Amino acid sequence: MTTIKLHNTKSRSKEAFAPIDPQNVRMYVCGPTVYDRAHLGNARPVVVFDVLFRLLRHVYGADHVTYARNFTDVDDKINARAAESGREIGEITAETTQWFLDDMGALGALEPTHMPRATQYIPQMVAMIADLIDRGHAYAAEGHVLFAVDSWREGYGQLSGRSVDDMIAGARVEVAPYKKNPMDFVLWKPSDAEQPGWESPWGRGRPGWHIECSAMSHDLLGESFDIHGGGNDLMFPHHENEIAQSCCANPKGEFARYWLHNEMLQVEGKKMSKSLGNFFTVRDLLDKGVPGEVVRFVFLQTHYRKPMDWTEKKAAEAEATLRKWRALTAGIEPTASAAAAVVDALADDLNTAGVIAEMHKLAAAGDAAGLLAAGQLLGLLSEDMGVWAKGPVVDLSTHEAQLFAARQAAMETKDFAEVDRLKAAYTEAGLEVRMSKTGVELVPGTGFDAAKLEALA
């Protein structure tokens, strides 16, 4: 059996993955707060952990992997959206949840085994909070319930590698008179008449953010499971707080054995932000005509633990590569399994860039069946993902040969008029022209228009 190695944030090292139960490998990933469209950064962990889900299914069997990813559908951002729009909270969360599923489906993400919504697990959250109070790890104060960080001081901070004292010194935490310690965090908070709320032993209220994932993962995966994932922006305080409350509520369990965190996303070398004008959603890209498969390919070119830079150039190059690979694999059946080199690369801490390098080798060797098997392991080159590439296939190699021959002739005659004419025509058709001493390469951009090439054939 293939040995999977994963970088465990908790140990800060790459470890051989050994599941608690190979017959039921369990993974939990923090999902979105559903109040608006998912932006491009939201999509990165979805793709990263979709690839891990596919790898686990490949190694252990599709029936032996359980993947849970939640929806946070009770949150102050949702409340604010409802107040400003005049719409019902349930209407907003139902709509935005479906938006998320549709957009992530367009990126080729498989639906997890379980997709729990926080509002479906309020009783489990209340029960866990009550248990934490009984065990001396939480306390009620002014309608709130807070986790007492000092009650688990020896364990708090192990994931992020910081001591409680250091956290207090550098933290931006809510200062409230009812807190015993500035680091104590909310498990339950009161709701007014305008806010969603549920009855509890501490009055009508709603859960804090952190308790949601602890209650849902415990209910669906048990007190000990294999993998917990999410973006590295969740490491502290969200994941740190999850560990504290879960381990204190279930002291005989391990909670999650392996912790994986993906790095953040940039756009054209800068942090994505509305103030810089480089903020956009997945739907924005799809509506502009950027295929979901292209977005996925760009993501996979960068290792999940490194910052990923989205650029239009990368998108154009990804589209060109996928068009060539789809033309090569058209009408071909994939091999029964991806090549060993492909699986080994992916099993080495999700080295998707290494897999893509192997795919380039397979394409160069004309191994269409092997290329297709490798692509499908990554969630690429599937039939349902390829609608965007259907239609007449343009053989760019003919045009590349034409331009190369014109340039060779021009080198002899010193007359470059024909070369300039062809370059201008290809650029007008939306192709990037790359010329070197050894050859010519034409790369379709996002504005590529095949019809404009017909007169140049």
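Heads up: the structure comes first, above all this text.
This one's a predicted model, so the numbers in the text were calculated from it and none came from an experiment.

Q: Explain the sheet that holds strand 13 (residues 308-310) residue by residue, including any values.
A: Pairing is mixed across the open sheet formed by 3 strands, whose spatial order is 12-11-13. Of all strands in the sheet, those bounded by a partner on one side alone are strand 12 (270-271) and strand 13. Where strand 11 (residues 265-267) and strand 12 come together, 2 bridges link them in antiparallel fashion. If you follow Gln 266 over to strand 12, its bridge partner there is Lys 271.

Q: Could you give an account of the nonpolar core, naming the residues involved and the relevant values?
A: Soluble globular proteins: nonpolar side chains tend toward being buried together. Core analysis: the biggest nonpolar cluster contains 74 residues, and Leu 40, Leu 56 and Trp 310 have the highest contact counts within it. The element contributing the most residues to this core is helix 1 (residues 40-60), with 13 residues. Beyond its immediate stretch of four places on either side in the chain, Leu 56 contacts Ile 4, Phe 17, Val 25, Met 27, Gly 61, Val 65 and Ile 227. Of all hydrophobic cores here, the second largest spans 41 residues; its members include Ala 138, Trp 152, Tyr 156 and Leu 187.

Q: Can you lay out helix 1 for me, pointing to particular residues and giving the numbers?
A: For helix 1, built from 21 residues, the straight-helix expectation of 30 Å at 1.5 Å per residue is met to within 8% by its first-to-last C-alpha distance of 31 Å. A large share of helix 1 lies buried, amounting to 17 of its 21 residues. Residue Gly 61 follows helix 1 closely and has a positive phi angle near 100 degrees.

Q: How would you explain the packing of aromatic side chains if you had to name every residue and give the values?
A: Considering all chains together, one arrives at 9 aromatic pairs under this definition. Where Phe 17 meets Tyr 60, the ring centres are 6.2 Å apart and the plane angle is 80 degrees; that geometry is what we call edge-to-face. With Phe 17 in the loop between strand 2 (13-16) and strand 3 (25-29) and Tyr 60 in helix 1, this pair connects stretches of sequence that are 43 residues apart. Taken as a pair, Phe 17 and Tyr 60 share a single burial class, namely buried. Aromatic side chains Phe 71 and Phe 100 sit 5.7 Å apart centroid to centroid with 90 degrees between the ring planes, which places their arrangement in the edge-to-face category.

Q: Before we move on, can you summarise the pattern of salt bridges with the specific residues and values?
A: Taken as a whole and assessed by the stated rule, the structure comprises 22 salt bridges. A salt bridge links Arg 296 to Asp 50; the shortest N-O distance between them is 2.6 Å. Here the residue Arg 296 occupies a position in helix 9 (residues 292-300), and Asp 50 occupies one in helix 1, the gap between them amounting to 246 residues. For the pair Arg 296 and Asp 50, a shared accessibility class is recorded, and that class is buried. With a shortest N-O distance of 2.4 Å, Arg 434 and Glu 317 are connected by a salt bridge. On the criterion of sequence distance, the pair formed by Arg 434 in strand 14 (residues 431-435) and Glu 317 in helix 10 (residues 312-329) is long-range, its members being 117 residues apart. For Arg 434, a relative accessible area of 25% gives the class partly exposed. Look at the salt bridges and you will find they share partners, linking Arg 37, Asp 103, Arg 283 and Asp 287 into a network.

Q: Can you explain the state of the cysteines? Please cite residues and give values.
A: Evaluated as defined, the whole model comprises 0 disulfides. We note that Cys 247 lacks a disulfide partner, and the nearest cysteine sulfur, in Cys 248, lies 7.0 Å from it. We classify Cys 248 as buried; its relative accessible area is 4%.

Q: So, the packing of helix 4 (residues 122-134) against helix 7 (residues 235-249): which residues are in play, and what are the values?
A: Put simply, helix 4 and helix 7 touch, their axes get as near as 9 Å, and they point 70 degrees apart. Put simply, helix 4 runs roughly perpendicular to helix 7. Contacts between helix 4 and helix 7 pair Met 128, Asp 131 and Leu 132 from the former with Gln 245, Cys 248 and Ala 249 from the latter. Split into classes, the residues belonging to the contact of helix 4 with helix 7 amount to 4 nonpolar, 1 polar and 1 charged.

Q: Before we move on, could you go through the sheet that holds strand 3 and cite the residues and values that matter?
A: Strand order in the open sheet formed by 4 strands is 4-3-9-10, with parallel pairing between adjacent strands. At either end of the open sheet lies a strand with only one pairing partner, and these are strand 4 (65-69) and strand 10 (255-262). Within this sheet the neighbouring strands show an average axis-to-axis angle of 20 degrees, counted without direction. Strand direction decides the pairing type here: strand 3 and strand 4, joined by 5 bridges, are parallel. Its bridge partner lying in strand 4, Met 27 is registered against Tyr 67.

Q: Describe unusual backbone geometry, with residues and values.
A: Most peptide bonds take the trans form, and the phi angle of most residues other than glycine is negative. Across the junction of Phe 236 and Pro 237, the peptide omega takes the value 5 degrees, indicating a cis bond. In this structure, Pro 237 sits in helix 7. The residue Glu 142 is not glycine, and still its phi comes out positive at about 50 degrees. Residue placement: Glu 142 occurs in the loop between strand 5 (138-141) and strand 6 (144-147). Look at Leu 350: it is not a glycine, yet its phi comes out positive at around 55 degrees. Leu 350 sits in the buried class, given a relative accessible area of 3%.

Conventions adopted
Residues numbered from 1 in each chain as written. Predicted model: local features only at pLDDT ≥ 70, side-chain atom pairs only at ≥ 80, totals over all residues. Heavy atoms only, no water. Pairing = 2+ DSSP bridges. Helix = DSSP H or I, 4+ residues; strand = E, 2+ residues; numbered from the N terminus. Core = buried A, V, L, I, M, F, W, Y, C linked by side-chain atoms within 4.5 Å. Buried < 20%, exposed > 50% of the residue type's maximum accessible area, 1.4 Å probe, protein only. Contact = heavy atoms within 4.5 Å. Expected span 1.5 Å × (residues − 1). Phe/Tyr/Trp six-rings, centres within 6.5 Å; stacked < 30°, edge-to-face > 60°. Salt bridge = Lys/Arg side-chain N within 4 Å of Asp/Glu carboxyl O. Disulfide = S-S within 2.5 Å. Axes fitted to C-alpha atoms, helices over the stretch in contact; angles between N-to-C directions. Parallel < 35°, antiparallel > 145°, perpendicular 65-115°, else oblique. Nonpolar A, V, L, I, M, F, W, Y, C, P; charged D, E, K, R; others polar.

Keep in mind these values describe shape, not function.
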